[in-house]
Amino acid sequence: MPDRPSPREWVLLNPGPANTSRAVREALVTPDLCHREPEFFEVMRECRARLVRAAGADGFAAVLFAGSGTAAVEATVCSAVPRDRSLLVVVSGVYGDRLMKIARVHGIPAEALPYDLTSPAAPADVEGVLRTHPAISHVALVHHETTTGLLNPVAEVARVVARAGRRLIVDAMSSLFGEPLDVAAEGIDFVASSANKCLQGVPGVSFVLGRRTALDALRDQPPRSVYLDLYNHYATQEADNTPFTPAVQVLHAMRAALQELEREGVTARILRYAENARVLRAGMEALGFEILVPAGARSNILTTFRLLPGVGYDPLHDAMKRRGYIIYAGQGDIRTYAFRVSNMGTLTPTDMEGVVAAFAEALQELGIATGVGR
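Note that the structure is predicted; figures quoted are calculated from it, not measured. (Residues numbered from 1 in each chain as written. Predicted model: local features only at pLDDT ≥ 70, side-chain atom pairs only at ≥ 80, totals over all residues. Heavy atoms only, no water.)

K.L.:
Got a sec to walk through the packing of aromatic side chains? Specific residues and values, please.
P.N.:
Following the criterion strictly, the structure yields 9 aromatic pairs and no others. Geometrically, the ring pair formed by Phe 339 and Phe 359 is tilted, given 5.8 Å between the ring centres and 35 degrees between the ring planes. Highlighted residues: Phe 339 in strand 14 (residues 338-342) and Phe 359 in helix 12 (residues 349-365), separated in sequence by 20 residues. Here Phe 339 and Phe 359 have matching classes, each one buried. One aromatic cluster in this structure is built from Phe 289, Phe 305, Phe 339 and Phe 359. Seen from the ring of Trp 10, Lys 321 lies directly overhead, with NZ or CZ sitting 5.3 Å from the centre. (Phe/Tyr/Trp six-rings, centres within 6.5 Å; stacked < 30°, edge-to-face > 60°. Helix = DSSP H or I, 4+ residues; strand = E, 2+ residues; numbered from the N terminus. Buried < 20%, exposed > 50% of the residue type's maximum accessible area, 1.4 Å probe, protein only. Lys NZ or Arg CZ within 6 Å of the ring centre and 35° of its normal.)

K.L.:
Describe in detail the pattern of salt bridges, supporting the description with residues and values.
P.N.:
Under the counting rule described, the total for this entry stands at 20 salt bridges. The salt bridge partner of Glu 262 is Arg 53, with a shortest N-O separation of 3.0 Å. In this pair, Glu 262 sits in helix 9 (residues 248-264) while Arg 53 sits in helix 2 (residues 38-55), placing the two residues 209 residues apart along the sequence. Judged by relative accessible area, which is 36%, Glu 262 ranks as partly exposed. In this structure, Arg 269 engages Glu 264 in a salt bridge whose closest nitrogen and oxygen atoms are separated by 2.8 Å. Residue class for Glu 264 comes out partly exposed when judged on its relative accessible area of 28%. Through salt bridges with shared partners, one network takes in Glu 46, Arg 50, Arg 53, Arg 255 and Glu 262. (Salt bridge = Lys/Arg side-chain N within 4 Å of Asp/Glu carboxyl O.)

K.L.:
I'd love a proper account of empty space enclosed by the protein, names of residues and values included.
P.N.:
Across all of its chains, the model carries 2 cavities of 30 Å³ or more by this definition. Here the largest cavity defines a volume of roughly 100 Å³. Every residue lining the largest cavity is counted, 14 residues in all, and those nearest its centre are Leu 64, Phe 65, Ala 66, Gln 237 and Pro 246. For the lining of the largest cavity, the secondary-structure elements that each account for two or more residues are strand 2 (60-66) and helix 8 (230-238). For the lining of the largest cavity, the element with the highest residue contribution is strand 2, accounting for 3 residues. Here the residues of the lining of the largest cavity are counted per class, giving 10 nonpolar, 4 polar and no charged. For the second largest cavity, the calculated volume is near 60 Å³. If you trace the second largest cavity, you find it lined by Cys 78, Ser 79, Leu 218, Gln 221, Pro 222, Pro 223, Arg 224, Asp 229 and Tyr 231. For the lining of the second largest cavity, a count of residues per class yields 5 nonpolar, 2 polar and 2 charged. (1 Å grid on protein atoms, 1.4 Å probe; cavity = no way out; pocket = protein on both sides within 12 Å on 5 of 7 lines; lining within 4 Å. Points joined across faces, edges and corners; volume = space filled by probe spheres on them. Nonpolar A, V, L, I, M, F, W, Y, C, P; charged D, E, K, R; others polar.)

Right under this line is the structure:
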């Protein structure tokens, strides 16, 4: 048999899974362990406590799921909304659309508040919908819409929701620990995220940070799902148990990632990501690329760039991959005119300088004149 090519290290510029440290990856190689033994529950308990502490979310509990981020989001939506109430979903991209799809699948009446792909939600619009729809109990909002790199104003929306006597569900999948977010702000009951984004862990575990009063209130609510019953996972994990088989090895890696986050500090990580984005954007604009989202609405985690005239995404992707970098296509129609570059994970500003240099080389290979020196 021919020898297989040796695996190589890729610089991942997709919005998760992100580049991780060697220590996080090595934590996966742990002795086989039964998931109902005290040694495992110690790991689970530590991960849950560290998540709450890192988020600064006093009065909250972390609920873990073996699954991608959508598992945590779906568990929250299908568990939180009472059967006699409805949901308001702010839709500003693919992940807002996914929230609507989740509501429809579970038979939850839902109103959509749509925006174009580059416009953040307006709190006054949310307030207006809540005023005219008294049946709405919860609002669902994507903090960082990775369709484009748009950042929605969670704090302002939470204040409006709280004043209206409703509660907010935040999809912070690709923003928690990478953008400022007051998880415990009044109005917010649930925040969903994942291990393999700004936490810099590996895929396989998602989680919900839930206000304990809101989680406890789910006790007598009939579940819409067997596996995605948020209260069942919460109550069982609180008792140092698990309703189903968890991702044992992935939780060991998650613990290592949480330890790294504590050493770096959440604020320092947010600042590193912001500097990564600054270096990337300045370099790419010098090459002639335009940024899709207006400056005031951009995250510091992902940037969507318009393709240069004469450059298709696939040739650009392949030229970058030959240099060790993995860029990310746009979603839907965006793919035809733009692409995405994320700067989450263990990347540094120096790494982002290397990204820009690789783009310059890739464009030269493709015969495209750049903005440099024009």
